[in-house]
Amino acid sequence: FIDLGTQLVEYKGAQKTQRKILISWELPNELLTSGDFAGQPFTMGKKYTWSMSEKANLRKDLESWRGRAFTDDDFEGPNRFNVRKLIGAPCMLSVVHESRDGNTYANIKAIASLPKRMEKPKPVTPPVYFSLEKEFFDNSVLDGLSDKLKEIIKGSPEYREIVEGVPYTPPKGEPNHLDDEVPF
């Protein structure tokens, strides 16, 4: 789980800012066959807008992964859903290969919980949790990320607020992800 911070996105020709996250999964039984990382497990990730609204892709995928819909109780009180519960949680991914512009891409189309009798695979690499919330920010975790991810994160206003002390207020009209029923 990697908090990418607030990013400028374009949707249907309009630009806006949205808080983004990346969730990645290790496929311990699918090993890379070439390159510097040959023999290491393949990983796949999916970027999400950090929102738990009923229409949000993150919520839909988490409900599919959990095997049950969220209720109001999941967003309130001491037992509310915490995104850190995702770290190391097993699942099954449905991957579809799609061709676009002469290239083939492997995209995650669905996430489901493991069947009860299916053995949970053992992870090969240590799980990663990175947050741009001040109380969870860990620069050593950031240092371990790819250069591309570091560049994205360091361009976010949340990173600049933590590291440089530059206060960040979401633009007027843009929802603050923490006000959007986000249960973390």
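Our structure is the block above this text.
Our subject in this report is the structure included herewith. Along each chain, residue indices are assigned from 1 in the same order as the chain's sequence is written. The predicted nature of this model means local features are confined to residues of pLDDT at least 70 and side-chain atom pairs, given and counted, to a pLDDT of 80 or more, with totals for whole chains, interfaces and linings taken over all residues. As a convention, hydrogens and water are excluded, and side-chain values are obtained from all of the structure's heavy atoms.

## What to know about the overall build of the chain
Looking only at helices and strands, the chain has four helices and five strands in total. Here the C-alpha atoms of the chain give a radius of gyration of 18 Å, agreeing with the 16 Å that 2.2 N^0.38 yields for 184 residues. If one aligns the C-alpha atoms of the chain with their principal axes, the spans along those axes are about 45 × 40 × 35 Å. Burial statistics for the chain: of 184 residues in total, 31% are counted as buried. Taking as baseline every contact in the chain between residues at least 6 positions apart, the subset at least 24 positions apart corresponds to 48%. As displayed, the chain has an accessible area near 12100 Å², and 49% of this comes from carbon and sulfur atoms. Strands here are runs of E lasting at least two residues and helices are runs of H or I lasting at least four, both read from the DSSP assignment and numbered beginning at the N terminus. Values of the radius of gyration come from C-alpha atoms, whereas the globule rule sets the reference at 2.2 Å times the count of residues to the power 0.38. Note on classification: 1.4 Å probe, protein chains only; a residue is buried when its accessible area is under 20% of the maximum for its type, exposed when over 50%, partly exposed between these limits. Residue contacts are defined here by distance: any two heavy atoms, one from each residue, within 4.5 Å place the two residues in contact. Every accessible area reported is derived by Shrake-Rupley at a probe size of 1.4 Å, with residue values counting cover from the shown protein chains alone.

## Focus: the pattern of salt bridges
Take a side-chain nitrogen of Lys or Arg and a carboxyl oxygen of Asp or Glu: if they are within 4 Å of each other, that pair is a salt bridge. Enumeration according to the criterion identifies nine salt bridges in this entry. Ionic pairing is found between Lys-46 and Asp-61, a salt bridge with its closest N-O pair at 2.8 Å. Pair noted here: Lys-46 is in strand 3 (residues 41-49) and Asp-61 is in helix 1 (residues 57-66), with a separation of 15 residues, a long-range link. Here Asp-74 and Arg-66 are joined by a salt bridge, their closest N and O atoms 3.5 Å apart. You can call Asp-74 buried: its relative accessible area is 14%. Several salt bridges converge on common partners, so that one network encompasses Asp-3, Arg-19, Glu-133 and Glu-158.

## Let's talk about helix 4 (residues 157-164)
Buried residues of helix 4: Pro-157, Glu-158 and Tyr-159, and no others. Contact partners of the buried residues in helix 4: strand 1 (2-11), strand 2 (14-31), helix 2 (139-143) and helix 3 (147-154). Within two residues after helix 4, Gly-165 carries a phi angle of roughly 75°, on the positive side.

## Considering a negative patch on the surface
To count toward a patch, a residue needs a relative accessible area over 30% and no salt bridge; like charges are then connected within 9 Å, while nonpolar side chains (Val, Leu, Ile, Met, Phe, Trp, Tyr) are connected within 5 Å. The positive count covers Lys and Arg only, the negative count covers Asp and Glu only, and His and the chain ends enter neither. A charged residue contributes its charge at one atom only: NZ of Lys, CZ of Arg, CG of Asp or CD of Glu. Side chains of Glu-54, Asp-72, Asp-73 and Glu-76 sit close together on the surface and give a patch of like negative charge. Position of Glu-76 among the secondary structure elements: in the loop between helix 1 and strand 4 (92-100).

## Quick word on the environment of Ser-24
Looking at the secondary structure, you find Ser-24 in strand 2. Given a relative accessible area of 41%, Ser-24 falls into the partly exposed group. In this structure the C-alpha to C-alpha distance between Ser-24 and Ile-2, which are 22 residues apart in sequence, comes to 8.3 Å.

## What to know about the sheet that holds strand 1
Paired strands are those between which DSSP finds at least two bridges. With antiparallel pairing, the three strands of this open sheet are ordered in space as 1-2-3. This sheet does not close on itself; its edge strands, each paired only once, are strand 1 and strand 3. Pairs of neighbouring strands in the sheet enclose a mean axial angle of 40°, with direction left out of account. Where strand 2 meets strand 3, nine bridges bridge the pair, whose relative direction is antiparallel. Within the sheet, the bridge partner assigned to Leu-22 lies in strand 3 and is Lys-47. Whenever a helix is involved, its axis is fitted only over the stretch in contact; in every case the axis is a line through C-alpha atoms, and angles between N-to-C directions fall within 0 to 180 degrees. Each of strand 1, strand 2 and strand 3 touches helix 3; the most contacted strand, strand 1, lies at about 75° to it.

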